[in-house]
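What the coordinates show
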Amino acid sequence: MMDDDAELAARLVAGDLDALRAAYDEHGAAVYGVAVRVTRDEALAEEASQEVFVALWEQPLSYDPRLGPLRDWLAGRALHEAALRVRVG
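Throughout this document, residue positions are counted from 1 along each chain, in the order its sequence is written. Totals for whole chains, interfaces and linings use every residue, but because this is a predicted model, local features are given only for residues with pLDDT of at least 70 and side-chain atom pairs only at 80 or more, for both listing and counting. Just so you know, side-chain values use all the structure's heavy atoms and leave hydrogens and water out.

**Looking at the pattern of salt bridges**
- A side-chain nitrogen of Lys or Arg and a carboxyl oxygen of Asp or Glu constitute a salt bridge if their distance falls within 4 Å. One pass over the full model with this rule turns up 5 salt bridges.
- With its nearest N and O atoms 2.9 Å apart, the salt bridge here joins E81 to R85. One end of the pair, E81, and the other, R85, are both in helix α4 (residues 70–88), 4 residues apart, so they sit about a helical turn from each other.
- Exposure is judged per residue with a 1.4 Å probe applied to protein chains only, and the accessible area is read against the type maximum: over 50% gives exposed, under 20% gives buried, and values in between give partly exposed. Judged by its relative accessible area of 8%, E81 is buried.
- Taking relative accessible area as the criterion, R85 reaches 17% and is therefore assigned buried.
- Among the charged side chains, a salt-bridge network with shared partners connects E47, E81 and R85. The helix count covers DSSP runs of H or I at least four residues long, the strand count covers runs of E at least two residues long, and both are numbered beginning at the N terminus.

**A few points about helix α3 (residues 42–58)**
- By this rule the span expected of a helix is its residue count minus one, scaled by 1.5 Å. With 17 residues, α3 extends 24 Å between its outermost C-alpha atoms, agreeing within 8% with the 24 Å of an ideal straight helix rising 1.5 Å per residue.
- Within α3, the full set of buried residues consists of A45, A48, S49, V52, F53, A55 and L56. Projected down its long axis, α3 carries its buried residues within an arc of 155°, all on one side. Summarising the geometry of α3, the exposed residues directed more than 90 degrees from the buried face are Q50 and E58. Directions pointing from the helix axis toward each C-beta atom define the arc.

**A few points about helix α2 (residues 17–39)**
- Here α2 contains 23 residues, and its C-alpha end-to-end distance of 29 Å is more than 12% below the 33 Å for a straight helix at 1.5 Å per residue.
- A bend of about 60° at H27 is the largest found in α2.
- Taken as a whole, α2 has its buried residues at A19, L20, A23, H27, G28, V31, G33, V34, A35 and T39.
- We define a polar contact as two N or O atoms separated by no more than 3.5 Å, with the added condition that, inside protein, one atom must be a possible hydrogen donor and the other a possible acceptor, whereas residues neighbouring each other in sequence contribute only through side-chain atom pairs. Here α2 starts with a cap whose side-chain oxygen sits 2.8 Å from the backbone nitrogen of D18, and that cap is D16.
- Two residues or fewer past α2, R40 is found with a positive phi of approximately 55°. Given a residue, its bend is the angle between the two axes fitted to the seven residues that end at it and to the seven that start from it.

**A word on the packing of α2 against α3**
- Note on geometry: axes are C-alpha line fits, over the in-contact stretch for helices, and angles between N-to-C directions span 0 to 180 degrees. Close contact between α2 and α3 brings their axes to 8 Å; oriented N to C, the two are set at 145°. By crossing handedness, the relation of α2 to α3 is classed as right-handed. On α3, the residues that touch L17, L20, A23, Y24, H27, G28, V31, Y32, A35, V36 and T39 of α2 are E42, L44, A45, E46, A48, S49, V52, F53, L56 and W57.
- When residues are sorted by character, Ala, Val, Leu, Ile, Met, Phe, Trp, Tyr, Cys and Pro go into the nonpolar class, Asp, Glu, Lys and Arg into the charged class, and all the rest, Gly among them, into the polar class. Here the contact of α2 with α3 is built from residues that sort into 15 nonpolar, 4 polar and 2 charged. For a crossing to be left-handed, the near helix must be turned anticlockwise from the far one by less than a right angle; the clockwise case is right-handed. The contact rule is simple, with two residues in contact once any of their heavy atoms fall within 4.5 Å.

**Some points on the environment of L44**
- With respect to the secondary-structure elements, L44 resides in helix α3.
- On the basis of relative accessibility, which here comes to 22%, the residue L44 falls in the partly exposed class.
- Distance in space between the C-alpha atoms of L44 and R85 is 6.7 Å, their sequence separation being 41 residues.
- Apart from residues no more than four positions distant in its own chain, L44 is found in contact with T39 and R85.

Here's what the structure looks like:
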């Protein structure tokens with residue numbers, strides 16, 4: 001999986017929109033699941049999930065595949081984004 005994540009990360013850095021689509025297809029449900037468990041609100045969870053993937057697209061270098069799987073990075077971002085919405089909302 002790490003090799004796949006490294007390849008995906010390289011494609012994201014290169015601006016490959018299909019790589020973002022692949023990341024979303026693979027991990028979108030898990031990201032949303034984390035966010036909805038934290039927020040207990042579907043709309044807030046959708047916002048948090050969207051922000052996670054926007055961050056991945058806009059700042060692909062913030063994910064380093066040497067530090068762990070993409071799924072873990074995305075889940076961590078989802079926790080953070082969801083928690084922000086719970087505090088602010």
